[in-house]
Amino acid sequence: MLEFKNISKWFDGPQGVVTALEDVSLSVSPGELLAVHGPSGCGKTTLLLTAGALLRPNAGQVSLDGQDPYGQNPEVRSELRARMIGFVFQQFHLIPYLTVRQNILAPSLAMPAKEADQRAQELVSRFGLDDRAGHVPAQLSTGQRQRTALARALLNKPKIILADEPTGNLDEGNADIVFGYLSQYVAEGGCVLLVTHDVRAAAHANRTLQMVDGRLIE
Amino acid sequence: MNFALGVLSVMVASASFIGSVTLLRIHDLRTGRILGQKEAELAERMTQLKDDTRKAMLKLGFNVVILPKDQNLADWYSDDYASKYMPEDYVHRLANSGVVTVRHFLPSLQQKIDWPERKRKIILVGTRGEVPNLHKNPVKPLVQPVPPGTISLGHELHRSLGLKVGDKVELMARPFVVQACHKERGNKDDITAWIYLAEAQELLDKKGLINAILALECLCTLDALPQIRKEIGAILPGTQVIERGSRALARAEARTKVETEARIAIEKEKLGRERLRAARERLASILTPVVVAACAVWVSLLGFTNVRARRVEIGILRTLGVSARHVLLMFLSKHVLVGVLGGALGFGAGLLSAVYFSETLEGTRLWITGTNFSGPGLLLASVGGAAALSVIAGWIPTVVATRQDPAEVLREE
C-alpha cells in the first residue's frame, strides 16, 4: 500500500542543512499496523507528512497504492489524499467552530458523496459520540476529541491511516480505546502508519521500527 | 467580529456611493421642484396680469384705429373723426385675412352734422356691429350693433332733448326709434348719435364708404405696433394705423417687464442650482473614490487577519484533501456574502444619510420617490458593486490562503 524507497529529506535552516530523513525505506501493507518509535525531533512527523503526500522528499520515491503522489499536480495530489489517506494528530486539529458531526463530515468537502451524512452518523455512533454530536470541540474531553478525529479520518474509507502521536495527549484508558479502534481498522483490511514515542503502541502494532536521527532501525 | 467589521466597511463604501448618487438626485429633484414652483407662480402671476391688462383694454375699448391713408392726422386729432373715406369692404378683407395682431373689427362712418329737426350739432356715427375675425375663436363683441331704423343717443343729447327709449325722432327727414340712451361718459360720446351704418351712408351720401375701422390690439403681440402696421399695411395698403390707450399699454408693458424679470430670476436660480450641483458632484467624485479605496484596503487587511487566524484550519482542510480551488471558493464566497450584506445595508444607510444631509444643507426634508429614483437598479448596483469590491479587496489574502503549505502548518503545530 505504502512504500518508501531510499527517501531523504533535508531542510535549509539558519544553522545550515538539517537532515530530517536519510535514506529511509519502508513499506506498509493492507492489514498491517506499522509503528515507528523515536524521540522528539528524530524525523517522525517528516516521515508521516512525506507519506501523506504533503512534503516532497529531496531524494527517493514514494509509492501510494502503486502511484507516485509527487508525480501528480497539486490538485490530483489533494484528491489522492482525500480518497486514500486518513490523518490523526496528537493535537486533534479539529475545526473549533464546527460540531463533532460537522468535523467528521469535513473530508466530504474534498470528496462529496451522497452517503456522507449516513456514514458520519454511523461513525458518530461507532465512536460513542451520539450524545456529543452537536457539541463543538471545546465542549469535549480530550478522549472524545481524539475519537472525533479518528472518526473524521475514517469518513472517506481511506486505505491508510497516518497517525502522528495519536495518544500523546490521552490518558491510558483513552489511549487504549484509540489503539483498539486502530487495531479494528487494521483487522478490517486497512493499514496504519503510526509514529509515536508511546511504547504502548508496540503491543498493538504488527511491526515496530525505531527512528534515530532520520534513520530507520529494525 | 472579522465578518462584522468587513460588512461594516463594505457598508460604508456602498453608503458613500449610494449617498452621493442619491444626494445628487435629491438635488435635481429639489431643483425641479423649486424651478417648477417658480414657473407656476410666474404663470399664475402672468395670468392675473394678463387678465388685468385685458380688462383694462376692454374698459378702454378699441385701441387701434385704422384710417384712410390720406387722412391728415392733425385734422383727425382735432375733430376726433376722419374726413377721408375708404371702402366698407376693407373691414371684410381684414376679417378674412387671418390677421393675428388685432381683433374686434368695428367699421364706422362718422361725421359732425347739424341735426336739422332738433337744431343741434351732433356727431353722427353709422355702425353695423363688429365683423367677426374668421380666423380666431369668436369672442364676445365689445359693442352691440344698432339695428336698422333705430338710434342710440349720447347722454347730453337725450337729456337736453328730453328723449327716452322708445321715442320716435326724425333725423334728416328719416324716422328713427330711440333704441338706447347712454349714461354720461364725459367725452364726445355724450353728443353722439349712433345709427345703422347703411342708413348713415345714405344720409351722408357716402354709400359703401366708411372712415374708420376700430380694432382691439391682440395681447399676444404687445409692444408690436410696427408689426401691426406691417401686417395691416400688407392687407389694406390704403390705410394707416393709429394706436390709442397708453394706460392699457403701460400696464401691458409692465406685465412684460414683470415676466422678463421673473424669467431672469428663474434663470439665475437655475444657474445657481447648476453650479451647486457641479460643486457637489465634484466633491462626491473626490470623496467617494477615497472612501471606497479606504474601505477596500480595510477589507483587504481584514482578509489578511482572517487568513492568519484560520491558518491552522486551512492547513487541516488542505491536509484532508480539500483542494486549493475549494479553499479559494470558500474564502471568496465569504467575501461575496460580506459584499452583499454590506451593499444592502449600505444602500439603506446611503439613502438615509443622503436625505439627512440634504435636509441639513437645504433646510427641508425631501424624500425621493419611485418616479425619479430607480430603487431596484440602484440597489442592484450597490449590492453588485459592493460584492465586487469585497471580492477584489479579498482576492490577495484569499490567494495567500490557498498557497499556504499545510505541511508547514502541521510541522509548526
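Since the structure is predicted, the reported quantities are computational estimates derived from the model, not experimental observations. (Residues numbered from 1 in each chain as written. Chains lettered and ligands numbered in written order. Predicted model: local features only at pLDDT ≥ 70, side-chain atom pairs only at ≥ 80, totals over all residues.)

Asker: Explain the overall build of chain B residue by residue, including any values.
Answerer: Within chain B, the secondary structure is distributed over 11 helices and 11 strands. In chain B, the share of contacts with a sequence separation of at least 24, taken over all contacts with a separation of at least 6, comes to 83%. (Helix = DSSP H or I, 4+ residues; strand = E, 2+ residues; numbered from the N terminus. Contact = placed C-beta atoms within 7 Å.)

Asker: Please give an account of the sheet that holds strand 8 (residues 207–212) of chain A that cites residues and values.
Answerer: Residues and elements named next belong to chain A. Sheet architecture is open: 6 strands sit in the order 5-6-7-3-8-9, paired in mixed fashion. Whereas interior strands pair on both sides, the edge strands pair on one side only; in this sheet they are strand 5 (85–89) and strand 9 (215–217). With strand direction ignored, the average angle separating the axes of adjacent strands in the sheet is 20°. (Pairing = 2+ DSSP bridges. Axes fitted to C-alpha atoms, helices over the stretch in contact; angles between N-to-C directions.)

Asker: Run through helix 6 (residues 172–187) of chain A, naming residues and quoting values.
Answerer: Residue and element names in this part refer to chain A. With 16 residues, helix 6 extends 22 Å between its outermost C-alpha atoms, agreeing within 8% with the 22 Å of an ideal straight helix rising 1.5 Å per residue. Listed as buried for helix 6 are A175, V178, F179, Y181, L182, Y185 and V186. Axial view of helix 6: buried residues confined to an arc of 155°, hence all on one face. Exposed and oriented more than 90 degrees from the buried face of helix 6 are E172, G173, G180, Q184 and A187. Summarising the contacts, the buried residues of helix 6 are in contact with strand 3 (33–37), helix 5 (142–154), strand 6 (160–164) and strand 7 (191–196). (Expected span 1.5 Å × (residues − 1). Buried ≥ 20, exposed ≤ 12 C-beta atoms within 10 Å, placed from the backbone. Arc of directions from axis to C-beta.)

Asker: Describe the interface of chain A and chain B, and please don't skip the residues or the numbers.
Answerer: Note: interface size is frequently given as the accessible area lost on complex formation between the parts. Listed by partner, the interface residues are 19 residues for chain A and 17 residues for chain B. Among the secondary structure elements, those contributing two or more residues to the side of chain A that touches chain B are helix 1 (44–51) and helix 2 (74–84) of chain A. A total of 6 residues in the side of chain A that touches chain B trace back to one element, the largest contributor, which is helix 2 of chain A. Looking at side-chain class alone, the side of chain A that touches chain B contains 12 nonpolar, 4 polar and 3 charged residues. (Nonpolar A, V, L, I, M, F, W, Y, C, P; charged D, E, K, R; others polar.)

Asker: Which residues make up the environment of F17 of chain B, and what values go with them?
Answerer: Residues and elements named next belong to chain B. With respect to the element layout, F17 can be found in helix 1 (residues 2–60). For F17 and A386, which are 369 residues apart along the polypeptide, the C-alpha to C-alpha distance reads 9.9 Å. Setting aside its immediate chain neighbours within four residues, F17 contacts T288, V292, G350, S382 and G385.

Asker: If you had to explain the environment of H197 of chain A to someone new, which residues and values would you point to?
Answerer: All names here are of chain A. Along the chain, H197 falls in the loop between strand 7 and strand 8. Sequence spacing of H197 and T167 is 30 residues, and the spatial spacing of their C-alpha atoms is 9.6 Å. Discounting chain neighbours no more than four positions away, the residues touching H197 are H37, G38, P39 and S40.

Asker: Describe the sheet that holds strand 2 (residues 16–28) of chain A, naming the residues involved and giving the relevant values.
Answerer: Residue and element names in this part refer to chain A. Strand order in the open sheet formed by 3 strands is 2-1-4, and the pairing between neighbours is antiparallel. For this open sheet the edge positions go to strand 2 and strand 4 (59–64), each flanked by a neighbour on one side alone. On average, each strand axis in the sheet is inclined to that of its neighbour by 25°, with strand direction left out of account. Relative to strand 2, strand 1 (residues 2–13) runs antiparallel, the two sharing 9 bridges. By the bridge assignment for strand 2, F4 is matched with L26.

Asker: Provide a residue-level description of unusual backbone geometry, including the pertinent values.
Answerer: Residues and elements named next belong to chain A. With a phi close to 50°, D65 is a non-glycine residue in the positive phi region. If you trace the backbone, D65 turns up in the loop between strand 4 and helix 2. Phi is positive for D213, close to 50°, though the residue is something other than glycine. The residue D213 is located in the loop between strand 8 and strand 9 in this model.

Asker: Outline the packing of helix 5 of chain A against helix 6 of chain A, listing residues and values.
Answerer: Residues and elements named next belong to chain A. The interhelical angle for the contact between helix 5 and helix 6, taken along N-to-C directions, is 15°, at an axis separation of 10 Å. By the angle class used here, helix 5 and helix 6 are roughly parallel. Along this stretch, helix 5 crosses helix 6, giving a crossing that reads as right-handed. Residue-level contacts link T142, G143, Q146, L150 and L154 of helix 5 to N174, I177, V178, Y181 and Y185 of helix 6. (Parallel < 35°, antiparallel > 145°, perpendicular 65-115°, else oblique. Left-handed = near helix turned anticlockwise from the far one by under 90°.)

Asker: Quick rundown of the pairing of strand 7 (residues 174–181) of chain B? Include the residues and the values.
Answerer: Residue and element names in this part refer to chain B. Bridge count between strand 5 (residues 150–153) and strand 7: 4 bridges; the pairing is parallel. By the bridge assignment, I151 is partnered in strand 7 with V178. Here strand 6 (residues 168–171) folds back onto strand 7, and the loop between the two strands holds 2 residues, one of which, M172, carries a positive phi near 50°.

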